[in-house]
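A look at the structure
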Amino acid sequence: MEFLGVPFTEWVGYAAMATVLVSFLMKSVTRLRIVNSFGCLLFVVYGVLLDPISKPIIITNIAILLINLYYIIKKV
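Our subject in this report is the structure included herewith. (Residues numbered from 1 in each chain as written. Predicted model: local features only at pLDDT ≥ 70, side-chain atom pairs only at ≥ 80, totals over all residues. Heavy atoms only, no water.)

1. What about the packing of aromatic side chains?
Inclusion rule: Here is the rule: rings of Phe, Tyr and Trp (six-membered ring for Trp) pair when centre to centre is within 6.5 Å. Planes less than 30 degrees apart are stacked, more than 60 are edge-to-face, and the remainder are tilted. Only protein chains enter the area calculation, which uses a 1.4 Å probe; residues under 20% of their type maximum are buried, those over 50% are exposed, and those in between are partly exposed.
By the definition in use, this model includes four aromatic pairs. Ring centres 5.9 Å apart and planes at 55° place the aromatic pair Phe3 and Trp11 in the tilted group. Accessibility expressed as a relative area gives 34% for Trp11, which makes it partly exposed. Each ring, one from Phe43 and one from Tyr46, has its centre 6.4 Å from the other, and the planes form 70°; the classification is edge-to-face.

Next up, the structure:
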């Protein structure tokens, strides 16, 4: 599936990249971690959609997601 000549998988990668970049503009560390976690989830989806799947992208972003969740839960 394509949109504007760009495959869907690539759009997921761009969305993940943009979300992670925007997360670093947050002044609140908690908000940064929440937005960054969403970006990591998108990167995991992106890694799964790639053919062949990209284990380094998946593993790295799951690890970052778990670290973010740990600190978000710890703060509550």
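2. A closer look at helix α1 (residues 8-23)
For an α-helix, 3.6 residues make a turn, and residues three or four places apart therefore share a direction. The line we're drawing: Only DSSP runs of H or I covering at least 4 residues are called helices, and only runs of E covering at least 2 are called strands; the numbering of each starts at the N terminus. A helix is expected to reach a length of 1.5 Å times the quantity of its residues less one. Working definition: the arc comes from the directions between the helix axis and the C-beta atoms, pointing outward to the latter. Contacts between residues were defined by any pair of non-hydrogen atoms, one from each residue, lying within 4.5 Å.
Here α1 is 16 residues long and its end C-alpha atoms lie 23 Å apart, about the 22 Å a rise of 1.5 Å per residue gives. Listed in full, the buried residues belonging to α1 are Thr9, Val12, Gly13, Ala16, Thr19, Val20 and Ser23. The buried residues of α1 occupy one face: seen down the axis, they fall within an arc of 130°. Buried-residue contacts for α1 involve β2 (6-7) and α2 (29-49).

3. Here's the deal with the side chain of Ser23
For Ser23, the position within the fold is in helix α1. Residue classification places Ser23 among the buried residues on the basis of a relative accessible area of 0%. Not counting the four nearest positions on each side in its chain, Ser23 is found in contact with Leu32, Val35 and Asn36.

4. Let's talk about the packing of α1 against α2
The condition that has to hold: To obtain each axis, a line is fitted to C-alpha atoms, and for helices this fit is confined to the stretch in contact; angles are then taken between N-to-C directions over 0 to 180 degrees. Geometric relationships in this document are graded by angle, where less than 35 degrees denotes roughly parallel, more than 145 denotes roughly antiparallel, 65 to 115 denotes roughly perpendicular, and other angles denote oblique. Helix crossings fall into two classes, left-handed where the near helix is turned counterclockwise from the far one by less than a right angle and right-handed where it is turned clockwise. Each residue receives one of three labels: charged for Asp, Glu, Lys and Arg, nonpolar for Ala, Val, Leu, Ile, Met, Phe, Trp, Tyr, Cys and Pro, and polar for the others, Gly being one of them.
Contact geometry for α1 and α2: axes closest at 8 Å, N-to-C directions at 160°. In terms of their interaxial angle, α1 and α2 are classed as roughly antiparallel. Here α1 and α2 pass one another in a crossing that is left-handed. Contacts between α1 and α2 involve Phe8, Thr9, Glu10, Val12, Gly13, Ala15, Ala16, Met17, Thr19, Val20 and Ser23 from the former and Leu32, Val35, Asn36, Phe38, Gly39, Cys40, Leu42, Phe43, Val45, Tyr46 and Leu49 from the latter. Each residue belonging to the contact of α1 with α2 can be placed in one class, and the counts come to 15 nonpolar, six polar and one charged.

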